[in-house]
Amino acid sequence: MSAPQVIRAEGLSKSFVVGRDLLGRPTRRVRAVDDVSLSVGARETLALVGESGCGKSTLGRMVMCLIPPDHGTVEMHGQPVSHRSERDLRQVRRKAQLVFQDPYSALNPRMTAGQLIGEPLMLHDLVPRADRAARVAELMEAVGLAAPQADRYPHEFSGGQRQRIVIARALAAEPEIIVCDEPVSALDVSVQSQILNLLVDLQERLGLSYLFISHDLGVVQQMADRVAVMYLGRIVEIGTAAEVLDAPRHPYTRALVASAPVARPGKRRGSPPVEGDLPSPVAPPPGCHFHTRCPFAEDICRREVPALISGEAGGAAAACHFRDSLPPAEPPRPAATPSPALARLMTAFHAGSVP
Ligand SMILES: Nc1ncnc2c1ncn2[C@@H]1O[C@H](COP(=O)(O)OP(=O)(O)OP(=O)(O)O)[C@@H](O)[C@H]1O
Ligand code: SF4
Ligand SMILES: [Mg+2]
């Protein structure tokens, strides 16, 4: 029997109230995550991609038990985690750490680097008091910082160094999985690759698993073993990085891959343009959420939610009624001007912001 996954989430859903009437009763809800299941194995990186607002961070936070789902369950090593048990939550919150976009806001400006990295050791009682300074020095070295920098405050470090402090602080808790939520998108391009290389190196040395959230397919290609693509709260495609990035099946994934500014020589890319704007998550279209923009949509797409399953030929699982009968992706067209709708989608996707 294969070992249980480090994290397995089943049927997670979450909505947020975004409007109330005069009596305070909810009138409008955003369905941020809608019936999502995923798992991350030992030493594995599962990347989560999708446009801004599609539910990536909400899903990541549910997986880490930072927010309770409306529906669904989370298991760690095959053991269900109860959101009502403080003991369960404490365990998961130590074993699943978060590294997010803005390292400055993640760090208390009144604490030194050494205090910040030492805090989880104390909170989780992981190292005897007498050994804490040595452990902090070890962690700083592990992330490429010098031990004498322990006395400095966050504002005395560069953005990349601050992200290294955040990573060291996460490592101090001895996690098994780290949810990396856009960990390099606030950093200069030159610093981005240093942090990504550090994450890869730490994964190899410490056997970490990553749930890696990003809207940058270039970064995803560099980091991911498997890729899950989200659209309006649902996973629409999931498979190995090669399956999803080199031979995407879902029309939405095809559009993202075709528009990505990543040179993929020899790969067949391109797809018909995506028309129309991203629908509101308050009232997502019925059936397949993507039908309002999909060039292949038919009546069934407006009525029935497609199951997320592999096609007849295997490969990535795609939530598309026509996963087996779509025309193959076109090779790239030289210097074609994208339609205004596709240009908007590309801009929003690469900027990580959608109107
Ligand atoms: N606490 C909240 N209250 C109300 N709405 C929320 C809350 N958190 C998230 N949302 C909404 O839920 C949806 C999903 O948000 P989420 O932050 O998970 O998206 P995301 O994919 O991480 O986006 P981004 O790429 O911009 O970080 C969005 O429509 C967002 O506005
Ligand atoms: S189910 Fe229909 S609308 Fe949705 S992606 Fe497939 S063809 Fe397009
Ligand atoms: Mg987010």
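Quick caveat: nothing in here was measured; it's all calculated off a predicted structure.

S.K.: Just give me the short version of the sheet that holds strand S6 (residues 96-100), but keep the residues and values in it.
M.R.: Read from one edge of the open sheet, eight strands run S6-S7-S8-S3-S9-S10-S12-S11, paired in mixed fashion. What marks the edges here is a single partner per strand, and that holds for S6 and strand S11 (308-311). With direction set aside, neighbouring strand axes in the sheet form an average angle of 20 degrees. The pairing of S11 with strand S12 (residues 314-319) spans four bridges and is antiparallel. Across the sheet, residue isoleucine 309 finds its bridge partner in S12, namely alanine 318. Against the sheet, helix H9 (residues 251-259) engages strand S9 (226-231) and strand S10 (234-240), with an angle of about 110 degrees to S9.

S.K.: Explain the packing of aromatic side chains to me, and be specific about the residues and the numbers.
M.R.: Evaluated as defined, the whole model comprises three aromatic pairs. Considering the side-chain rings of tyrosine 231 and phenylalanine 290, the 5.0 Å spacing of their centres and the 85 degrees angle between planes classify their relative orientation as edge-to-face. With tyrosine 231 in strand S9 and phenylalanine 290 in the loop between H9 and helix H10 (299-303), this residue pair connects regions lying 59 residues apart in the sequence. Grouping residues by exposure puts tyrosine 231 and phenylalanine 290 together as buried. Taken together through their ring pairs, the aromatic side chains of Tyr231, Tyr252 and Phe290 make up a single cluster. Taking the ring centre of phenylalanine 157 as reference, the NZ or CZ of arginine 152 above it sits at 5.5 Å.

Rules used in this analysis
Residues numbered from 1 in each chain as written. Chains lettered and ligands numbered in written order. Predicted model: local features only at pLDDT ≥ 70, side-chain atom pairs only at ≥ 80, totals over all residues. Heavy atoms only, no water. Pairing = 2+ DSSP bridges. Helix = DSSP H or I, 4+ residues; strand = E, 2+ residues; numbered from the N terminus. Axes fitted to C-alpha atoms, helices over the stretch in contact; angles between N-to-C directions. Contact = heavy atoms within 4.5 Å. Phe/Tyr/Trp six-rings, centres within 6.5 Å; stacked < 30°, edge-to-face > 60°. Buried < 20%, exposed > 50% of the residue type's maximum accessible area, 1.4 Å probe, protein only. Lys NZ or Arg CZ within 6 Å of the ring centre and 35° of its normal.

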